[in-house]
Amino acid sequence: MATKLSTCFVSQAFAGFSYGSHSNVRFSPPQHHHLLFPATCKMRHRHLGYRYQLKKRQFKKASNEQTPPAAESLSDLEKEAASSSTVNRRRLNPEIAPNDDTRATSTSDERKEHGASGTDTASSEEQKDYVNGEEESETTVEVEHVHDDESQLRERIAVIEEAKSLALTLNVDGEEKRLSGFQLQDLIGMIRNADKNVLLLNDARVRALEDLNRILAEKESLQGEMNVLETRLAETDARLKVAAQEKIHVELLEIQLDKLRNELTHRSPATDVLHQLENQNKQTDADANSLSKELSSLRTENMFLKQDMEALKADLSAVKNTGQRVITLEKERYTIESSLKDLESKVSSSQADECKDLWERVESLQSLLKKATKQADQAILVLQQNQELRKKVDKLEDSLEDANIYKLSSQRQQQYNELMQQKIKLLEEHLQRSDEEIQSHVQFYQESVHEFQDTLNKLIEESKKRALDGPVDHMPWEFWSRLLLKIDGWLLEKKVSPDDAKLLRELVWKRERKVYDVYMQCREKNEQDSISMFLKLTSGPKSPGLHVIHIAAEMAPVAKVGGLGDVISGLGKALQKRGHLVEIILPKYDCMEYDRISDLKAIDLVVESYFEGKLYKNKIWTGVVEGLPVYFIEPLHPAKFFWRGEYYGEHDDFKRFSFFSRAALELLLQTGKRPDIIHCHDWQTAFIAPLYWDIYNPKGLNSARICFTCHNFEYQGTAPASELAACGLNVHQLNRPDRMQDNSAHDRVNPVKGAVVFSNIVTTVSPTYAGEVRTAEGGKGLHSTLVSHSKKFIGILNGIDGGAWNPSTDSLLAVQYSSNDLQGKAQNKTAIRRQLGLSTAKLRQPLVGCITRLVPQKGVHLIRHAIYRTLELGGQFVLLGSSPVPHIQQEFEGIANNLRDSEHARLILKYDEALSHSIYAASDMFIIPSIFEPCGLTQMIAMRYGSVPIVRKTGGLNDSVFDVDDDAIPLQYRNGFTFLDPNEQAFNAALERAFEHYWNDVKGWEDLVRKIMEMDFSWETSAAQYEDLYSKSVARARAAAASNRP
């Protein structure tokens, strides 16, 4: 490679000159050693003008007359060049004479005799021409790698000649000055350094070539080793495949062996006896040839044998009679079953739910009937075995008749006859015992039927008595919800008064029989007659229950994003079962699951609500979801607030849900509802609290107490304060530190803070989380507000829907199971392994499950670590979930690709409802390493399905999972493994303890699984706590109202 420079070698050296008034001009030493050039550089001059050539001839002419002062320095330069050339030539040719050095020395001595005055003869004009010629000239230095030392020598001599030929004078302050000896010495030093650099470069090049050869050799050896390893790997894969096939073959053989063993164990003793008889007959036939000579002596004995056979035939006839008795018993069983079916048809005609206790007894009696039927079937099997015995005895007769032609020894024949008589006696005893067992079973069956008939008659009488007095319990909640919506429709259409509608609603939520009877009577009548009949019932007593209305943005299963939807439906159904009237108000999204709504219809009424200075119409729809009456509000607003294809995440969410909150209160006002409790949830409906007290309470909607539940304080819905005016609230009055002003930004309002301030009851979803949000770290800016309102703030742990999450009735599972039958859980584990392509070689290999959204709150780094740590400990891992964060989703997609060929890990990066049920049922352990978790439902669902949770002690996880090794916790509450610090070391400790328990204590692990499956995480306990809060708040309000009356 060549390097081009803008100036020649000598002019580069002159770049460091200092131009002053004095005449001594010196080279400045090189500033950086890396600027030195090797002596093998070619010096080529370009564009030297005529003036420069003239100057050179004049300089030579003057040098013949007078020796320049710098001759000594030049001689040193020549001497150095000569010595260098000598060394180089000796390297090339050792025979060169050493007298070359003396020549160079003599040449330099001759030049020392001349003076330095020769250059004074040059005119000033010529000096200017020289300077101009030097400025106009431009040389290029090309650095080339020269392999021939002879060419290097010639180039060095050229350098010296060029140094001589170049002007060694400079025009300084108008005077011509000659270069001094110090400057030439510097130039000679530069050339020497260049020689040294060339040698070092050559040595480095040689060493680099040697290293390159060595690296290439190592590369070839490594490539060979890689080829060997690849062949070994291929052989190992082939062996593994063969081993897997052999293992499958062995499993099939074991299954066949088990089947054969079962068949052998079910064989009756009578068949063994017959086999022995057949073997003895064969032995008798074998001995027949040896006993042919004794034929005459055995004829008399054969006569006795015939008599014995006649007795045996008599016994067989008795067996036939036994068979006839069994047939008669079978007929009696059929008649009894037919009578039982008649009784069941009579019972089914009555109300199903009125006779719950009756059906439980019926089921127990049916189980007894099944047992008796099984015993009768066993008796039939015995009869069939007896018939087979008879056939084999007939064969024995034939064989004995054939044996009459042979002579048998008297001693052996007697022994044989005795043996036959003993076996016949055994058969008779066996038949007698069978008859006794059949008779006892039939007798027990007849007694059970009589007892069943008596019990059935008693229960029918009791149910008739209860039906006359008690509520109608046999009708589903969907029936009562539809009836409530019908009454509300009459009210909205102004066909009944608000007072009459309220009384009718009270009768409906009491499920009184007279309401049911009236409804059944007026099904075929017109609407006016139906209303008249219902109005006759308005004189009934008031209900002791509460009227609760939930206003929320979600409800499972029609509009579910997270846990909020489960809370609305679960808590609503639990309160409904406790005798309270529960209604739900939701936005009518275009993306709802409409097939999960029954009786969806629009009401012939348009509700107008205020927004942004105008009145906008809202279309009201009603329907029944999970047995609860639901009102859907469809805003007729040009922005189409809830027709976006999404529940959340729009740029104008603040406007969408503030509009919905005001429309919901407007619906309550215009329909004349007077609820006891209005329960709003999260920031989307937090506007309800200030709207109720500032606007709608003065309008007459003043019967309710406001309950607000925040499910996650991470999301507070803050917005600029000016946007609050759109729904009609006073920004100036509410944008204050003690009301809705955000604690972090004074120009913004915080809906959650406003709900905390204006609500009568404030709750969150677990006691531990209620304590965490009172701290600066957990409160997300609202800790001071929560502390100041702590008297009305409480945490109530959420529950799960026991009907939807029940392994004994879950239709999405491969096998249903319960705590009393854990074999079904093992079968689900095998099914999910086969479905996901995991290894099924070890049944006792622990399977760790995780179902979650992959967001930082859920401890994504610990989930990633758990995957690899589980594999290191010898377990299997299944993850179900996705991430809304792109880089997290990409990271886990990479992990899934890396583990695609693994037999022990699967990552399904989406949400699949059916697959989630299967993973809950199949998992032995379930990890929830959340950084913070307000409540969490997955740990409760996992325990319901017998999967032991491994959780971090935070929020609701700390309130529902208690470590099995914590002696401070009562034994009956210990149900999982916990850790505190959100790091890998703490998680490892909990996971390793779980694996140790699983491997080393099989019986203890099964007991733990049964215990957690039987724990109650339903909504009953939570609903009772909410009921208590509601009742106390309503009681205080009524007491305050009574005290204020004149």
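Thresholds, definitions, all that
- Note that residues are indexed from 1 along each chain, following the sequence as it is written.
- Given that the model is predicted, a residue must reach a pLDDT of at least 70 before its local features are reported, and side-chain atom pairs must reach 80 or more before they are shown or counted; all residues, however, enter totals for whole chains, interfaces and linings.
- Working from all heavy atoms in the structure, the side-chain values ignore hydrogens and water.
- UniProt positions are given in the numbering used here, feature names are shortened, and annotations may be inferred rather than shown by experiment.
- Under the scheme used here, helices are H or I runs from DSSP no shorter than 4 residues and strands are E runs no shorter than 2 residues, and both carry numbers assigned from the N terminus.
- Relative accessible area decides the class of each residue, using a 1.4 Å probe on protein chains only: under 20% of the type maximum gives buried, over 50% gives exposed, and in between gives partly exposed.
- The contact definition used throughout considers only heavy atoms, calling two residues in contact when any of these lie within 4.5 Å.
- The protein chains shown are the only cover counted for residues, whose accessible areas, like all others here, come from Shrake-Rupley with a 1.4 Å probe.
- What counts as a salt bridge is simple: a side-chain nitrogen of Lys or Arg found within 4 Å of a carboxyl oxygen of Asp or Glu.
- Following DSSP output, two strands are said to pair if at least two bridges run between them.
- With axes taken as lines fitted to C-alpha atoms, and helix axes fitted only over the stretch in contact, angles between N-to-C directions fall between 0 and 180 degrees.
- To estimate the expected span of a helix, count its residues, drop one, and scale the result by 1.5 Å.
- As used in this structure description, the phrase polar contact means that two N or O atoms lie within 3.5 Å; if the pair is within protein, one of them must be able to donate a hydrogen and the other to accept it, and residues adjacent in sequence are counted only when both atoms belong to side chains.

An unreviewed UniProt entry annotates the chain as starch synthase of Linum tenue. Of the comments in the UniProt record for the chain, the one headed Catalytic activity (unreviewed entry) reads "[(1->4)-alpha-D-glucosyl](n) + ADP-alpha-D-glucose = [(1->4)-alpha-D-glucosyl](n+1) + ADP + H(+)". Its UniProt record gives the chain a comment under Sequence similarities (unreviewed entry), which states: "Belongs to the glycosyltransferase 1 family. Bacterial/plant glycogen synthase subfamily."

Draft legend 1. Seen up close, the overall build of the chain. Counting its secondary structure elements, the chain contains 31 helices and 21 strands. By the burial criterion, 45% of the 1046 residues in the chain qualify as buried. Expressed as a percentage of contacts within the chain between residues at least 6 apart in sequence, the contacts between residues at least 24 apart total 76%. Surface exposure of the chain reaches about 55,000 Å², of which carbon and sulfur atoms provide 51%.

Draft legend 2. Quick peek at the pattern of salt bridges. In the structure shown here, the tally under the stated rule is 27 salt bridges. In this structure, Asp488 and Lys673 form a salt bridge, with 2.9 Å as the shortest nitrogen-oxygen distance. On the criterion of sequence distance, the pair formed by Asp488 in helix α12 (residues 477-492) and Lys673 in the loop between α17 (653-670) and β10 (677-681) is long-range, its members being 185 residues apart. Each member of the pair, Asp488 as well as Lys673, is classed as buried. Salt bridges here are not isolated pairs; linked through shared partners, they connect Asp488, Glu583 and Lys673.

Draft legend 3. Structural view of the sheet that holds strand β17 (residues 876-880). Taken in spatial order, the six strands of this open sheet run β18-β17-β16-β19-β20-β21, and their pairing is parallel. Edge positions in the sheet fall to β18 (905-908) and β21 (977-979), since each has one partner strand and no second. Across the sheet, the axes of successive neighbouring strands diverge by a mean angle of 15 degrees, strand direction being ignored. In terms of strand pairing, strand β19 (residues 925-928) meets strand β20 (residues 948-952) through four bridges, oriented parallel. Among the inter-strand pairings, Ile927 is bridged to a residue of β20, identified as Ile950. Most of the contacts of helix α24 (residues 860-872) go to β17, to which it runs at about 155 degrees, and overall it touches β16 (847-851), β17, β18, β19 and β21. Along the sheet, helix α26 (residues 913-922) makes contact with β16, β17, β18 and β19, crossing β16 at roughly 145 degrees.

Draft legend 4. Structural detail: helix α29 (residues 984-1000). With 17 residues, α29 should reach 24 Å at 1.5 Å per residue; the first-to-last C-alpha distance of 24 Å fits that figure. For α29, every residue scored as buried is listed here: Ala986, Phe987, Asn988, Ala990, Leu991, Ala994, Phe995 and Tyr998. Where α29 begins, one side-chain oxygen reaches toward the backbone nitrogen of Gln985, 3.3 Å away; that side chain belongs to Asn983.

Draft legend 5. The arrangement of unusual backbone geometry in detail. For the bond from Ala556 to Pro557, the omega torsion is 5 degrees, close enough to zero to count as cis. Relative to the helices and strands, Pro557 resides in the loop between β5 (547-551) and α16 (563-577). Even without a glycine there, the phi angle at Glu612 is positive, about 55 degrees. Residue Glu626 is not a glycine yet carries a positive backbone phi of 55 degrees. Following the sequence through the fold, Glu626 ends up in the loop between β8 (614-625) and β9 (628-635). A relative accessible area of 33% places Glu626 in the partly exposed class.

Draft legend 6. Molecular detail of the side chain of Gln857. Relative to the helices and strands, Gln857 resides in the loop between β16 and α24. You can call Gln857 buried: its relative accessible area is 9%. Excluding residues within four positions of it along the chain, Gln857 makes contact with Asn712, Ser930, Ile931, Phe932, Glu933 and Pro934.

Draft legend 7. Looking closely at the sheet that holds strand β6 (residues 581-587). One open sheet accounts for nine strands, arranged β7-β8-β9-β6-β5-β10-β11-β14-β15; its pairing is mixed. The open sheet is flanked by β7 (598-611) and β15 (793-795), the only strands paired with a single partner. This sheet shows a mean twist of 25 degrees between the axes of neighbouring strands, independent of strand direction. Looking at chain direction, β8 and β9 are connected through eight bridges and run antiparallel. In the strand pairing of β9, Trp621 is matched with Phe632. Strands in contact with helix α20 (residues 751-758) are β11 (705-710) and β14 (761-764); relative to β11, the strand with the most contacts, it is inclined by about 140 degrees.

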